[in-house]
Amino acid sequence: MSKKWEYGQIFIPNPEPFGGLPKEGLNLDKAQRAGGEGWELVNSIPYTNAEGEVRGAFFLFKREKPESA
């Protein structure tokens, strides 16, 4: 029997800059929680505004779908 997958996404914004560099690192609390729930990160897609500034990223996850009873 072939595996079936379910997919999810979260958005992680870039931290605010200070003097051209981020004031702090990415807040990965949502990603940590997803990993604890069995989600596997499969891709990330940068979110860029019209001026070309990267404002964050969409993280795409998958996990095996449980078999229906």
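Calculation criteria
- Residues numbered from 1 in each chain as written.
- Predicted model: local features only at pLDDT ≥ 70, side-chain atom pairs only at ≥ 80, totals over all residues.
- Heavy atoms only, no water.
- Helix = DSSP H or I, 4+ residues; strand = E, 2+ residues; numbered from the N terminus.
- Rg over C-alpha atoms; globule rule 2.2 N^0.38 Å.
- Buried < 20%, exposed > 50% of the residue type's maximum accessible area, 1.4 Å probe, protein only.
- Contact = heavy atoms within 4.5 Å.
- Areas by Shrake-Rupley, 256 points an atom, 1.4 Å probe, with all protein chains shown as cover.
- Salt bridge = Lys/Arg side-chain N within 4 Å of Asp/Glu carboxyl O.

Caption draft 1: Looking closely at the overall build of the protein. Each helix and strand counted, the protein has 1 helix and 5 strands in total. When the elements of the protein are put in sequence order from the N terminus, they spell out β-β-β-α-β-β. Its C-alpha radius of gyration of 16 Å places the protein more than 25% over the 11 Å reference for a compact globule of 69 residues. Considered along the principal axes of its C-alpha atoms, the protein spans approximately 55 × 25 × 15 Å. Relative to its full complement of 69 residues, the protein shows a buried share of 14%. Sequence separation of 24 or more characterises 52% of the internal contacts of the protein that already satisfy a separation of 6 or more. In the form shown here, the protein has an accessible surface area of approximately 5,700 Å², with 52% of it arising from carbon and sulfur atoms.

Caption draft 2: Fine view of the pattern of salt bridges. Applying the stated criterion to the full structure yields 2 salt bridges. Measuring nitrogen to oxygen at the nearest pair gives 2.8 Å for the salt bridge that ties Glu-6 to Arg-63. With Glu-6 in strand β1 (residues 5-13) and Arg-63 in strand β5 (residues 54-64), this pair connects stretches of sequence that are 57 residues apart. Residue Arg-63 is classed as partly exposed on the basis of its relative accessible area of 25%. Glu-53 is paired through a salt bridge with Arg-55; the nearest N and O atoms lie 3.1 Å apart. In this structure Glu-53 comes out as partly exposed when scored by relative accessible area, which is 38%. In this structure Arg-55 comes out as partly exposed when scored by relative accessible area, which is 29%.

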